[in-house]
Amino acid sequence: MHEILDIIRKRQSTRIPFNSERPIREEDLKQILEAGRWAPTAHNMQNFQIIIVDDKKVLDAIEKIETMVSETFIQENLEQLSFSEEELLKKKVGILGTMFPPAWKTPGYKPHEDRDSIRPVQKSPVLLIVVYDPRRRAPDSEGDFLGIVSLGCVMENMWLMANSLGISFHVVSAIGRGPVEKEIRSILNIPDHLKIPFAFRLGYPVSPAAKNLRVRRDIEDFTHHNRFGNRYKNLESDL
Ligand SMILES: Cc1cc2nc3c(=O)[nH]c(=O)nc-3n(C[C@H](O)[C@H](O)[C@H](O)COP(=O)(O)O)c2cc1C
């Protein structure tokens with residue numbers, strides 16, 4: 001039991017280039033896919049396909065794709081940022097602003113093509129592109145909410161498996177938007193009716209990853225007892 005909790009607590013995002021010369025062992029990749037295969041999905045619809053990209057030329061083409069960060073991203077990202085470790089520790093939600101260029105942390109900043117082009121997919125020996133068919137929604141699920149939650153379950157299963165094998169993992173959601181999506185679709189021959197919610201980069205960092213400060217709310221911050229607003233107090237036992 002504690003082993004599972006330990007793996008869950010240690011799972012983390014690694015947002016740096018991975019060594020493209022160090023492949024993922026086939027049996028490890030199979031285990032990661034097996035973990036995705038057994039993910040719970042609404043109505044057991046298993047509403048996903050995964051494109052495994054390990055061809056260097058294809059990876060190279062994807063890594064070269066450039067896009068401009070959107071104004072919406074800049075604005076909404078800013079709302080989630082803390083500007084010091086102390087602030088983040090106090091807030092217990094969000095991420096550290098040090099991950100982003102200084103200009104993106106200026107309220108009202110308007111991105112510009114010359115300064116704010118990014119390559120959203122950094123190097124990795126394997127890229128897994130998740131696609132799904134929004135026409136096959138879970139029964140009575142507005143906006144296919146349940147189908148999309150299901151994709152999150154697939155993501156988490158695969159992420160936990162990868163990290164427990166010592167393989168770093170990075171979710172890239174920019175892959176499903178704007179010009180990046182268009183180019184990926186064309187490079188990988190993805191039919192128009194399929195959506196691309198995210199991709200996962202798998203690999204081993206080229207240099208040791210800096211230790212990110214990772215914070216979470218306490219259990220009492222998000223629990224209610226029997227009715228909303230009543231604090232849940234049975235939290236004495238040490239986990
Ligand atoms: C649905 C979803 C989309 C995400 N998209 C991105 C992304 O595009 N780029 C990124 O660097 N991290 C992405 N993340 C990772 C989160 O930022 C990360 O899980 C969160 O900050 C907590 O950090 P941790 O994973 O190290 O615990 C995504 C996570 C989820 C669940």
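Residues take numbers from 1 onward in each chain, read along the sequence in its written order. Side-chain atom pairs in this predicted model are given and counted only at pLDDT of 80 or more, local residue features only at pLDDT of at least 70, and totals for whole chains, interfaces and linings cover all residues. With hydrogens and water excluded, all non-hydrogen atoms of the structure serve as input to the side-chain values.

Chemist: So what's going on with the overall build of the protein? Residues and values would help.
Modeler: Counting from the N terminus, the helices are the DSSP runs of H or I reaching at least four residues and the strands are the DSSP runs of E reaching at least two. Looking only at helices and strands, the protein features eight helices and eight strands. Here the radius of gyration uses the C-alpha set of atoms, whereas the globule reference equals 2.2 Å times the residue count to the power 0.38. Whereas a compact globule of 239 residues would reach a radius of gyration of roughly 18 Å, the protein reaches 19 Å, a difference of no more than 12%. Here's how the labels work: a residue is buried when its accessible area is under 20% of the maximum for its type, exposed when over 50%, partly exposed in between, all with a 1.4 Å probe on protein chains only. Expressed as a percentage of the 239 residues in the protein, the buried residues total 36%. Of all intrachain contacts in the protein linking residues separated by at least 6 positions in sequence, the fraction that spans at least 24 positions is 78%. Total accessible area on the protein is roughly 15100 Å²; 52% of this is exposed by carbon and sulfur atoms. Counting rule applied: Lys, Arg positive; Asp, Glu negative; His and chain ends not counted. For this purpose, a charge sits on NZ of Lys, CZ of Arg, CG of Asp or CD of Glu. Each charge class in the protein was averaged separately, 34 positive and 34 negative side chains, and the resulting centres sit 1 Å apart. Here a residue-residue contact requires only that any non-hydrogen atoms of the pair lie within 4.5 Å. Computed with the Shrake-Rupley method and a 1.4 Å probe, the accessible areas treat only the protein chains shown as cover for residues.

Chemist: I'd like a rundown of the site of the ligand, residues and numbers included.
Modeler: Here a residue is considered near a molecule or strand provided that any single heavy atom belonging to it is located within 4 Å of it. Lining the immediate surroundings of the ligand are 13 residues, of which S13, R15, S173, R214 and R216 lie closest. Measuring from an oxygen atom of the ligand, one finds a side-chain N or O atom of R11 at 2.9 Å. Pairs of N or O atoms are called polar contacts if they sit within 3.5 Å, as long as, within protein, a hydrogen donor faces a hydrogen acceptor (for residues adjacent in sequence, only side-chain-to-side-chain pairs). R15 is positioned with one of its side-chain polar atoms (N or O) 2.6 Å from an oxygen atom of the ligand. Compared with its free state, where it exposes 620 Å², the ligand has 64% of that area covered by protein. Elements represented by at least two residues in the shell around the ligand include exactly helix 6 (145–164) and strand 7 (168–172).

Chemist: How would you summarise the environment of D221 if you had to cite specific residues and measurements?
Modeler: Its place among the elements puts D221 in helix 8 (residues 219–222). Residues D221 and R25 lie 196 residues apart in sequence; the distance between their C-alpha atoms is 41 Å. Within the structure, D221 has its side chain in polar contact with the side chain of K92 (distance 2.8 Å).

Chemist: An account of the packing of helix 2 (residues 26–37) against helix 6 is needed here, citing residue identities and associated values.
Modeler: Angular values range over 0 to 180 degrees, each being the angle between N-to-C directions of two axes fitted as lines to C-alpha atoms, with helices fitted over their stretch in contact. In contact at an axis separation of 7 Å, helix 2 and helix 6 are set at 150 degrees when each is read in the N-to-C sense. On the basis of their axis angle, the class for helix 2 and helix 6 is roughly antiparallel. In this structure, helix 2 meets helix 6 at a crossing whose hand is right-handed. Facing helix 2, whose interface residues are Q31, I32, L33, A35 and G36, helix 6 presents V154, N157, M158, M161 and A162. Looking at side-chain class alone, the contact of helix 2 with helix 6 contains seven nonpolar, three polar and no charged residues. Should an angle lie under 35 degrees it is considered roughly parallel, over 145 roughly antiparallel, and from 65 to 115 roughly perpendicular; all remaining angles are considered oblique. Each crossing gets its handedness from the near helix: less than a right angle anticlockwise from the far helix is left-handed, clockwise is right-handed. We call Asp, Glu, Lys and Arg charged. Ala, Val, Leu, Ile, Met, Phe, Trp, Tyr, Cys and Pro are nonpolar, and the rest, Gly among them, are polar.

Chemist: Give a description of the environment of E85 that names residues and reports values.
Modeler: As for its position among the elements, E85 is in helix 5 (residues 85–91). Beyond its immediate sequence surroundings of up to four residues, E85 is in contact with L96 and L213.

Chemist: Which residues make up helix 6, and what are the values?
Modeler: For an α-helix, the turn length of 3.6 residues means that residues three or four places apart are oriented alike. The terminal C-alpha atoms of helix 6 lie 29 Å apart, and with 20 residues this matches the ideal 28 Å at 1.5 Å per residue to within 8%. Taken as a whole, helix 6 has its buried residues at G147, S150, L151, V154, M155, M158, W159, L160 and A162. Those residues of helix 6 that are buried are in contact with helix 1 (2–10), helix 2, strand 1 (49–53), strand 6 (126–132), strand 7 and strand 8 (195–203). Downstream of helix 6 by one or two residues, G166 has phi in the positive range, about 80 degrees. A helix's residues, less one, multiplied by 1.5 Å, set its expected span.

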